[in-house]
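Coordinate analysis (summary)
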Amino acid sequence: MPVEPLSQEEIRDRLAELPGWSLDGDRLTRSWRLGSHFAATAMVIHIAQVQEELDHHSDLTLGYDTVSLSVHTHSVGGAVTEKDFELARRVDALAPGHGAH
């Protein structure tokens, strides 16, 4: 089944279910603060594992005690798709286990 870009209304509706996430241009974005650099690094590795499982990769930034994610779907010209929201949901589910807020 081909991946299709979501409409602005669909994106807005899905974002309402994901507190902390926002649309920045053509990308879904979110940042988290963690208790230490080690905790942030562990979260990055965990996100990378999820990205491999989904075969859907994002821009992932590690700061001293922060992690930022920016995602869109390259195969549809950089639009936001359901694949992006699936990644966002999966990352949201793992974040509390790393102490992210």
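The structure we're discussing is the one just above.
To start, this report covers the structure provided alongside it. (Residues numbered from 1 in each chain as written. Predicted model: local features only at pLDDT ≥ 70, side-chain atom pairs only at ≥ 80, totals over all residues. Heavy atoms only, no water.)

1. Overview of the overall build of the protein chain
Broken down by element type, the protein chain carries three helices and four strands. For 101 residues, the compact-globule estimate of 2.2 N^0.38 gives 13 Å, and the C-alpha radius of gyration of the protein chain, at 13 Å, lies within 12% of that figure. Residues classed as buried in the protein chain amount to 39% of the 101 residues present. Of the roughly 5600 Å² that the protein chain leaves accessible, carbon and sulfur atoms contribute 54%. For the protein chain, the distance from the average site of its 8 positive side-chain charges to the average site of its 16 negative ones is 3 Å. (Helix = DSSP H or I, 4+ residues; strand = E, 2+ residues; numbered from the N terminus. Rg over C-alpha atoms; globule rule 2.2 N^0.38 Å. Buried < 20%, exposed > 50% of the residue type's maximum accessible area, 1.4 Å probe, protein only. Areas by Shrake-Rupley, 256 points an atom, 1.4 Å probe, with all protein chains shown as cover. Lys, Arg positive; Asp, Glu negative; His and termini not counted. Charge placed at Lys NZ, Arg CZ, Asp CG, Glu CD.)

2. Observations regarding the sheet that holds strand 1 (residues 22–24)
Here four strands make up an open sheet; going across it, the order is 1-2-4-3 and the pairing antiparallel. At either end of the open sheet lies a strand with only one pairing partner, and these are strand 1 and strand 3 (59–62). Taken pair by pair, the neighbouring strands of this sheet meet at an average axis angle of 25 degrees, ignoring direction. In terms of strand pairing, strand 1 meets strand 2 (residues 27–33) through three bridges, oriented antiparallel. (Pairing = 2+ DSSP bridges. Axes fitted to C-alpha atoms, helices over the stretch in contact; angles between N-to-C directions.)

3. As for the packing of aromatic side chains
Under the definition given, this model contains one aromatic pair. Taken together, a centroid distance of 5.7 Å and an interplanar angle of 80 degrees make the contact between Trp21 and Trp32 edge-to-face. Remark: Trp32 occurs in strand 2 and Trp21 occurs in the loop between helix 1 (8–15) and strand 1; sequence separation between them is eleven residues. According to the relative accessible area criterion, Trp21 is buried, its value standing at 7%. When its relative accessible area of 3% is taken as the criterion, Trp32 is described as buried. (Phe/Tyr/Trp six-rings, centres within 6.5 Å; stacked < 30°, edge-to-face > 60°.)

4. With respect to unusual backbone geometry
Positioned with a positive phi, Asp55 is a non-glycine residue whose angle comes to about 50 degrees. Examined against the element boundaries, Asp55 turns out to sit in the loop between helix 2 (37–54) and strand 3.

5. Quick word on the side chain of Asp65
Position of Asp65 among the secondary structure elements: in the loop between strand 3 and strand 4 (66–71). Discounting chain neighbours no more than four positions away, the residues touching Asp65 are Trp32, Arg33, Leu34, Ser36 and Ala40. (Contact = heavy atoms within 4.5 Å.)

6. Section: the packing of helix 2 against helix 3 (residues 82–94)
At a closest axis distance of 10 Å, the pairing of helix 2 and helix 3 adopts a crossing angle of 145 degrees. The interaxial crossing formed by helix 2 with helix 3 has right-handed handedness. Here helix 2 contributes Met43, His46, Ile47, Val50, Gln51, Glu53 and Leu54 to the contact with helix 3, which in turn contributes Glu86, Leu87, Arg90, Val91 and Leu94. Of the residues assigned to the contact of helix 2 with helix 3, the class counts are seven nonpolar, two polar and three charged. (Left-handed = near helix turned anticlockwise from the far one by under 90°. Nonpolar A, V, L, I, M, F, W, Y, C, P; charged D, E, K, R; others polar.)

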